[in-house]
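Below, each chain spelled out in residue letters.
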Amino acid sequence: MTADARPGEQPPTDRATPPLTERQEARRRRILHASAQLASRGGFEAVQMREVAEAAGVALGTLYRYFPSKIHLLVATMQDQLQHMHSTLRKRPPAGDDAAQRVAETLMRAFRALQREPHLADAMVRALTFADRSVSPEVDTVSRLTTAIILDAMGLEHPTPEQLSAVRVIEHTWHSALITWLSGRASIAQVKIDIETVCRLIDLTDESGATPWRG
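Just so it is clear, the model here is predicted, and its values are computed rather than measured.

### Section: the nonpolar core
In this structure, I31, V103, M154 and C199 are the most contacted members of the largest nonpolar core, which totals 63 residues. Apart from the residues within four sequence positions on either side, I31 is in contact with V52, A56, V58, L63, Y66, F67 and L73.

### Some details on helix 8 (residues 161-182)
With 22 residues, helix 8 ought to run about 32 Å at 1.5 Å a step, and its terminal C-alpha atoms sit 32 Å apart, in line with that. Those residues of helix 8 that sit buried are Q163, L164, A166, V167, I170, E171, W174, H175, A177, L178, T180 and W181. On its buried face, helix 8 sits against helix 5 (99-115), helix 6 (118-130), helix 7 (136-154), strand 1 (156-158), helix 9 (188-199) and helix 10 (201-204). One or two residues past the end of helix 8 sits G184, with phi positive at roughly 80°.

### Topic: the packing of helix 4 (residues 70-91) against helix 7
The geometry of helix 4 relative to helix 7 is characterised by a closest axis approach of 9 Å and an angle of 15° between their N-to-C directions. Here helix 4 lies roughly parallel to helix 7, going by the angle between them. Classified by chirality, the crossing of helix 7 by helix 4 is left-handed. In this structure, helix 4 contributes H72, V75, Q79, L82, Q83, H86, L89 and R90 to the contact, and helix 7 contributes E138, V139, T141, V142, L145, T146, A148, I149 and D152. Within the contact of helix 4 with helix 7, the residues separate by chemical class into eight nonpolar, six polar and three charged.

### Points about the layout of surface pockets
The volume enclosed by the largest pocket comes to roughly 390 Å³. What lines the largest pocket is a set of 19 residues, among which H84, M85, A113, L114 and R116 lie closest to the centre. For the lining of the largest pocket, the elements supplying multiple residues, two or more each, are helix 1 (22-42), helix 4, helix 5 and helix 6. When residues in the lining of the largest pocket are grouped by element, the largest group, six residues, is from helix 4. Of the residues belonging to the lining of the largest pocket, the class tally is eight nonpolar, five polar and six charged.

### A look at the pattern of salt bridges
All told, the structure shown has six salt bridges when counted by the stated rule. In this structure, the salt-bridge partner of R29 is D80, at a minimum N-O distance of 3.0 Å. Of the two residues, R29 is situated in helix 1 and D80 in helix 4; the sequence distance between them amounts to 51 residues. Note on R29: relative accessible area 39%, which makes it partly exposed. Residues E196 and K192 are paired through a salt bridge, measuring 2.5 Å at the closest nitrogen-oxygen approach. Of this pair, E196 and K192 both sit in helix 9, separated by four residues, roughly a single helical turn. The partly exposed category is assigned to K192, whose relative accessible area is 34%. What emerges from the salt-bridge pattern is a single network uniting E45, D122 and R126.

### Brief notes about the side chain of T180
Relative to the assigned elements, T180 resides in helix 8. Note on T180: relative accessible area 17%, which makes it buried. In contact with T180, not counting residues within four places along its chain, are R185 and A186.

### Some details on empty space enclosed by the protein
Using the criterion set out here, one finds three cavities of 30 Å³ or more in the structure. Roughly 40 Å³ of internal volume is contained in the largest cavity. In terms of lining, the largest cavity is formed by L82, M85, L107, A110, T146, I149 and W174.

### A few points about the packing of helix 6 against helix 8
Relative to each other, helix 6 and helix 8 sit at 125°, their axes nearing to 11 Å. One way to sum up the angle between helix 6 and helix 8 is to call them oblique. Handedness of the helix 6/helix 8 crossing: left-handed. Listed contacts from helix 8 to P118, A121, D122 and V125 of helix 6 are H175, L178, I179, W181 and L182. Counted by class, the contact of helix 6 with helix 8 contains seven nonpolar, one polar and one charged residues.

What counts and how
- Residues numbered from 1 in each chain as written.
- Predicted model: local features only at pLDDT ≥ 70, side-chain atom pairs only at ≥ 80, totals over all residues.
- Heavy atoms only, no water.
- Core = buried A, V, L, I, M, F, W, Y, C linked by side-chain atoms within 4.5 Å.
- Buried < 20%, exposed > 50% of the residue type's maximum accessible area, 1.4 Å probe, protein only.
- Contact = heavy atoms within 4.5 Å.
- Helix = DSSP H or I, 4+ residues; strand = E, 2+ residues; numbered from the N terminus.
- Expected span 1.5 Å × (residues − 1).
- Axes fitted to C-alpha atoms, helices over the stretch in contact; angles between N-to-C directions.
- Parallel < 35°, antiparallel > 145°, perpendicular 65-115°, else oblique.
- Left-handed = near helix turned anticlockwise from the far one by under 90°.
- Nonpolar A, V, L, I, M, F, W, Y, C, P; charged D, E, K, R; others polar.
- 1 Å grid on protein atoms, 1.4 Å probe; cavity = no way out; pocket = protein on both sides within 12 Å on 5 of 7 lines; lining within 4 Å.
- Points joined across faces, edges and corners; volume = space filled by probe spheres on them.
- Salt bridge = Lys/Arg side-chain N within 4 Å of Asp/Glu carboxyl O.

Right under this line is the structure:
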């Protein structure tokens, strides 16, 4: 989940289509809420398009106009969850003494939020894993949001290429740690160690010429 976004930028919330009307946006939010609720209760298999449409109070054809497949829907659900997480983190930013500590704290807070809804987390991660090229816009938005969250924690507005490379490695590690935890192959303690270890890459890319973020 990687991209080159700045933390002050608002990632697009959908494909390159005209802005949604207020009514359409409300309908889209009902759909995403229904998707998250079904996934929270039963994971990936519980998210069936017909059940989502019924829970959201929309016609099945309408649901498919918003989200062409279950994978599109669940990746969009992860995007929605990350946007909420980003807003929460901005209200309560990490308090570490240096960038590496702040990023590690941020990612562990994000991990614990997903930990509270393991079935939902598993459904969203599986959707990302199964996503093909047709879901690239949605996956790219998830990537930009994840990058923005990390750059906010680092305190950077204009990261260098080396810093963006470190961010990509950190995101890969976080994603892998989430998968291994969901599969029962890693404990929360091990996830924390791995995240803290990879975040030390930030110290190797620290340059005096980087522009601080003052958002």
